Amino acid sequence: MTTAVRASAFTEPDRPKGLLIRFVTTGGSYVDVTGSGEHSDKNRWNCHGCGDASRSPERDYLFRIRPDANDHAAACRAIPLT
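Thresholds applied
- Every chain's residues receive numbers from 1 upward, in the order its sequence appears when written.
- Predicted model: local features are reported for residues with pLDDT of at least 70 only, side-chain atom pairs are reported and counted for 80 or more only, and whole-chain, interface and lining totals are derived from all residues.
- The side-chain quantities take in all heavy atoms of the structure and omit both hydrogens and water.
- Starting at the N terminus, helices and strands are each numbered in turn, a helix being any DSSP run of H or I of at least four residues and a strand any DSSP run of E of at least two.
- Two N or O atoms form a polar contact when they lie within 3.5 Å of each other; inside protein one atom must be a possible hydrogen donor and the other a possible acceptor, and for residues adjacent in sequence the pair counts only when both atoms belong to side chains.
- In this scheme Phe, Tyr and Trp rings, the latter by its six-membered ring, pair at centre separations within 6.5 Å, and the angle between planes marks the pair as stacked below 30 degrees, edge-to-face above 60, and tilted otherwise.
- For a ring to carry a charge above it, either NZ of a lysine or CZ of an arginine must fall within 6 Å of the ring centroid while also lying within 35 degrees of the normal to the ring plane.
- We call a set of buried residues a nonpolar core when its members are Ala, Val, Leu, Ile, Met, Phe, Trp, Tyr or Cys and they connect through side-chain atoms within 4.5 Å of each other.
- Think of it in three bands: residues with accessible area under 20% of the maximum for their type are buried, residues over 50% are exposed, and the middle band is partly exposed, with areas taken using a 1.4 Å probe on protein chains only.
- Whether two residues are in contact is decided by their heavy atoms, any of which lying within 4.5 Å being enough.
- Basic side-chain nitrogens of Lys or Arg form a salt bridge, by our definition, when they fall within 4 Å of a carboxyl oxygen of Asp or Glu.

A. Examining the side chain of N43 more closely. Mapped onto the elements of the fold, N43 is located in the loop between β2 (30–34) and β3 (44–47). A polar contact is formed between the side chain of N43 and the backbone nitrogen of S36, at a distance of 3.0 Å. A polar atom in the side chain of N43 sits 2.8 Å from the backbone oxygen of G37.

B. Structural view of the packing of aromatic side chains. Evaluation of the coordinates by the stated rule reveals one aromatic pair. Directly above the ring of Y30 sits R22, whose terminal nitrogen or CZ lies 5.3 Å from the centroid.

C. Main features of the nonpolar core. Core analysis: the biggest nonpolar cluster contains 11 residues, these being I21, F23, V31, V33, W45, C47, L62, I65, A69, A73 and C76. Broken down by secondary-structure element, the contributors of at least two residues to this core are β1 (19–24), β2, β3 and α1 (62–75). No other element matches the four residues that α1 contributes to this core. When sequence neighbours within four positions are dropped, the list of residues in contact with A73 reads F23, V24, T25, T26 and V31.

D. Spatial organisation of the pattern of salt bridges. One pass over the structure, following the stated rule, counts five salt bridges. Between R15 and E12 there is a salt bridge, with its nearest N and O atoms 2.9 Å apart. Using a relative accessible area of 61% as the deciding quantity, one classes R15 as exposed. For R55, the salt bridge identified is with D52, shortest N-O distance 2.7 Å. Here the salt bridges share partners, and the residues they tie into one network are E12, R15, R22 and D32.

E. Expanded view of the side chain of H72. Secondary-structure assignment places H72 in helix α1. With relative accessibility at 14%, the residue H72 sits in the buried group.

Right, dumping it as structure tokens:
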């Protein structure tokens, strides 16, 4: 007998290339901050729960994007459905 293994909604997703920071949301999902690092203006954040993301990746230095990603993680209650 074969049993299908289904990932839990709260399983940590694979870590993408360029992952700088990962926050856990209130809903148990994750917000990833990815990019080239502290001195790059091409960093961005993306929520695995609700799908929201940073709005201006061409201006997202890490010192600007970190608080936005953290604030989103603190407020987001969405969980991933896959």
